[in-house]
Amino acid sequence: MIHIQARTEPSSLMKIASPLLAIALTLVFGCVLFSAIGKSPTQALHVLLIAPLADSYNIGEMFVKMGPLLLCAVGLSLCYRANLWNIGAEGQLLAGALGGSAMALYFGDSNSLFALPVTLLAGIVSGMLWAAIPTYLKLRFNSNLILTTIMFNYIGLYLLIWAVHGPLRDPQGFGFPESAMFADATLLPTLFESSRIHLGVAFAVISAFIAWFILSKSHLGFQIRVFGSDEPAAKYAGFSGKKLSWMVMLFAGALAGLAGVSETTGPIGQLVPNVSPGYGYSAIIVAYLGRLHPLGAILAAVFMAVLYMGGDLAQIEMGIPVAVVSMFQGVLLFFLLACDFFINNRLAFSNQATN
Amino acid sequence: MKKYNLVSRLELTNITKQYPGCLANDNVSLTLMPGEIHALLGENGAGKSTLVKTIYGVVAPDKGDIIWNGKEVSIKSPSVARDLGIGMVFQHFSLFETLTVSQNIELCLSKAQLNEIGDLGERITKLSEEYGLNVKPSRYVHSLSIGERQRVEIMRCLVQSVKLLILDEPTSVLTPQEVSGLFDVLRTLSNEGCSILFISHKLHEVTEICHKATILRGGKVVDTCIPQDETPASIAKMMVGDLAEQDAGYAKKEGTVSIFNIEDLSLPAKQPFGTALKNLSFELKSGEILGIAGVAGNGQDELMAIISGEDERTVNNSISLDGADISHLHAGERRKLGMAYVPEERLGRGAVPDMSLTENTLLTHSEGFIKNGLVDWPSIKDYTSKLIAKYKVKCHGEFSEAKSLSGGNLQKFIMGREIGQNPKVLICAHPTWGVDVGAALAIHQALLELRDKGAAILLISEDIDELFLLADRMAAVCDGYLSPVVKTENTNIDQIGQWMAGTFIGNASVSNKQETTA
């Protein structure tokens, strides 16, 4: 006889084991799925998970994908720690891409040393602005942050599409909805000769460490944690919820905006309609997989980036539809939430028949 | 109590209930005769709640038998208990505020019972007269005082013709006059043969009304007694074991300089069923304890929130500290000026449940522990260990999560944390509510020590005995009005009790909340 019993204390083992268990279960699910569509599960898993790390080029590409995922996930981790349900990293990323691109195009062929920093700053500020509107609506009118941030994802997307069809379209681009290529002065330098790993990836890792430092060492970080886990206590202690909400949301918006501008000034080099294959949404899963810990997010972002890479490779090598990646992500989040249940509960086995 | 030479109403034998990590009931046996008023006593965590929940079918015991009117029964759910004739009034009422009394009672009756009763309103009126409950079936619950709501709960049990009524700390929310009204009802019930199981922390009530008492400690029955033959002090001794000294007879002090002032404070209610504050004025002097009595929900929470700054609405020039207006300052800024608070809600407001005691120290005590915006964790850890030792907080260590502490120990920790900041003004709400005798004693002494050091203390409490014990001056709140403030030695329980019921408000706008009890 098996039944569920509440734990007296949350299991610290399960807190760490839960994401690993969720990954394992997702892989088991994957095997069943691939068998069902007539593909070899071992080969598919190899292509999905091992091949992305098999050579230096692939590893480089993996890190290129990790950068924006991590930047968004670090900001989201802080938001979720503060109990602010920001689902808007995607929109903030797109706003950053748009604002940054506009600035990069404004610099044109200029060789100014300020071109790149100002472009990045424009991206950051655009991301912050995109986060600021839902934050203001929440604090002023008590609107639901989840809904407004999702809405702003779509507004951001269509604004970007409008821009590449209109004011930012390359006049010499034969009518394609793309901007002109950016000049070298506004492109992010790559870190290594042979790969496309650019400065934005370094920004991402640095931001994770900064966020970790703020959260665990500073009084501000402590206030964020209190605000997130127990709002009445934060009020009682006299922490300003408004101030904390603004800081956390703007920080997340800035990082997502930086992710966006780093994509356009980094690997892409121009503004295109599909800047992001849903990095801002996947970052939600990354944040949870990393246990809302900025350093955990690094590992989780690597895993998620491998999955993105693997999805591309699986499509090329085995003809597996790329939608498999989204499905894997969804299943992963599903198993993660299911496994998290066992942090506070456990299975109890007993021989007694219940009456 | 009439003597019945009948079978016992309820007999529990060797009831045992094991929770993960805690043996809540350990071979508990208890016998209740028809018409007996039986007190169940014990400190927090002694196993009283588990035992009554077992009787009411909420908790299934691991071992042991329940014999009801001479027959062994298995009570699998509260509805089985109600069918047997067992009724229970919980500490927190389960009434719908937007429904009438009669609708609320109807909700818990089965179709068969309703058919049997016929006209429910008539039945309620009849029972109400019979037992002096004074409950009108057509009234909406939100318009009832706490005492009246409790009587609705009792009525709900009576309608189902109970043979055993379980009351969990029924008097903690009542004015003294309401308490005596309740006791009259209980005596009538007892004379009719209804048994009553009565959980209380207030020992003088137990000696006043109960025929027998069973004392639990650590899940075991440690003693039984006839309360009439005992004194509150001797019963307290049975409850906590070796209680070194009784909590009594502290010297009263007179405050020195006026430090904290509330002047003509009026504030509309924030929530639909909240209480508006009406023209409150009082001053608080250094070196005194000002006690504010009142039944819960008469404006205490609202007063506390506006004083602490948690209620962010500004009330111009009506709150001042050291002669300077502070009504525009945020909660954090007020703390920096030397104000500290012990809120009613310990877990979830006074302390963050999932954080360690070290982190919970930092929650309000950051002075000296922050350098350049960074937290000096080692120093706070040291300081927290000292706090734990000084106030004898039972826990594994400074790393223990706040939620792992019992209510009394957490309260000692919070008191210690707030007192440790050497506040000029301490606002303290219900400091010993639900706290056992030993911890209450420690808390009382800590408060008096702080007063003697020159702090001004505002003590908001529902426990009128505690107020008389500690307060140097006293007042009462009712429906958002504050009574005159008087020296404790110049007043008595009767007067404060009447003020709690609102007699001081005069003839102006007396809402139905002030209706005094039967």
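See above for the structure.
These numbers were taken from a predicted model, which means no experiment stands behind them.

Draft legend 1. Broad picture of empty space enclosed by the protein. All names here are of chain B. Scanning all chains against the criterion turns up two cavities of 30 Å³ or more. Contributing to the lining of the largest cavity are Lys 390, Tyr 391, Ile 419, Ala 446, Glu 449, Leu 450 and Lys 453. Ranked by the residues each element gives to the lining of the largest cavity, the list is headed by helix H15 (residues 437-452), at three residues. Residue composition of the lining of the largest cavity, grouped by class: four nonpolar, no polar and three charged. In this model, the second largest cavity occupies a volume close to 40 Å³. Lining the second largest cavity are Val 89, Phe 90, Gln 91, Phe 93, Gln 150, Asp 168, Glu 169, Pro 170, Ser 172 and Val 173. Residue composition of the lining of the second largest cavity, grouped by class: five nonpolar, three polar and two charged.

Draft legend 2. Layout of the sheet that holds strand S14 (residues 319-321) of chain B. All names here are of chain B. With antiparallel pairing, four strands are arranged side by side in an open sheet as S12-S11-S14-S15. Either end of the sheet is taken by a strand with one partner, and the two such strands are strand S12 (277-285) and strand S15 (324-325). Across the sheet, helix H10 (residues 300-308) touches strand S11 (258-267), S12 and S14, and the angle it forms with S12 is around 60°.

Draft legend 3. Layout of the packing of aromatic side chains. All chains considered together, the criterion is met by 14 aromatic pairs over all chains. Judged by centre distance (6.0 Å) and plane angle (70°), the rings of Phe222(A) and Trp377(B) are edge-to-face. Here the residue Phe222(A) occupies a position in helix H8 (residues 219-229), and Trp377(B) occupies one in helix H13 (residues 377-390), the pair thus bridging two chains. For Phe222(A), a relative accessible area of 0% corresponds to the buried category. Ring geometry for Tyr56(B) versus Phe90(B): centroids 6.0 Å apart, planes at 70°, classification edge-to-face. Taken together, the positions of Tyr56(B) in the loop between helix H1 (48-55) and strand S4 (63-68) and Phe90(B) in the loop between strand S6 (86-89) and helix H3 (101-107) put the pair 34 residues apart, joining distant regions of the chain. Given the relative accessible area of 7%, Tyr56(B) is considered buried. What makes Phe90(B) partly exposed here is its relative accessible area of 28%. Taken together through their ring pairs, the aromatic side chains of Tyr80(A), Trp85(A) and Tyr288(A) make up a single cluster.

Draft legend 4. Just the side chain of Glu90(A), in detail. Residues and elements named next belong to chain A. Within the secondary structure layout, Glu 90 lies in helix H4 (residues 89-107). Despite being buried, Glu 90 has no salt bridge partner; Lys 65 is the closest side chain of opposite charge, sitting 13 Å away. Side-chain polar atoms of Glu 90 contact the backbone nitrogen of Gly 280, separated by 2.7 Å. Leaving out residues up to four positions away in the same chain, Glu 90 has contacts with Asn 153, Ser 276, Gly 278, Tyr 279, Gly 280 and Tyr 281.

Draft legend 5. Expanded view of the pairing of strand S13 (residues 289-293) of chain B. Residues and elements named next belong to chain B. For S13, the tally of buried residues reaches five of five residues, placing the bulk of the element in the interior. Going residue by residue along S13, you find Ile 289, Gly 291 and Ala 293 tucked away on one face and Leu 290 and Ile 292 tucked away on the opposite face as well. Bridge analysis of S13 against strand S20 (residues 456-460) gives four bridges, and the strand direction is parallel. Opposite Gly 291, over in S20, you have Leu 459 as the bridge partner.

Draft legend 6. The arrangement of the pairing of strand S10 (residues 220-225) of chain B in detail. Residues and elements named next belong to chain B. Two strands pair when backbone bridges link them, and strand S9 (residues 212-217) and S10 are joined in this way by five bridges, in the antiparallel orientation. Note on S10: the bridge partner recorded for Ile 215 is Asp 223. Between S9 and the antiparallel strand that follows it, S10, lie two residues; Gly 218 among them carries a positive phi value of about 55°.

Rules used in this analysis
- Residues numbered from 1 in each chain as written.
- Chains lettered and ligands numbered in written order.
- Predicted model: local features only at pLDDT ≥ 70, side-chain atom pairs only at ≥ 80, totals over all residues.
- Heavy atoms only, no water.
- 1 Å grid on protein atoms, 1.4 Å probe; cavity = no way out; pocket = protein on both sides within 12 Å on 5 of 7 lines; lining within 4 Å.
- Points joined across faces, edges and corners; volume = space filled by probe spheres on them.
- Helix = DSSP H or I, 4+ residues; strand = E, 2+ residues; numbered from the N terminus.
- Nonpolar A, V, L, I, M, F, W, Y, C, P; charged D, E, K, R; others polar.
- Pairing = 2+ DSSP bridges.
- Contact = heavy atoms within 4.5 Å.
- Axes fitted to C-alpha atoms, helices over the stretch in contact; angles between N-to-C directions.
- Phe/Tyr/Trp six-rings, centres within 6.5 Å; stacked < 30°, edge-to-face > 60°.
- Buried < 20%, exposed > 50% of the residue type's maximum accessible area, 1.4 Å probe, protein only.
- Lys, Arg positive; Asp, Glu negative; His and termini not counted.
- Salt bridge = Lys/Arg side-chain N within 4 Å of Asp/Glu carboxyl O.
- Polar contact = N/O pair within 3.5 Å; in protein donor to acceptor, adjacent residues only side chain to side chain.

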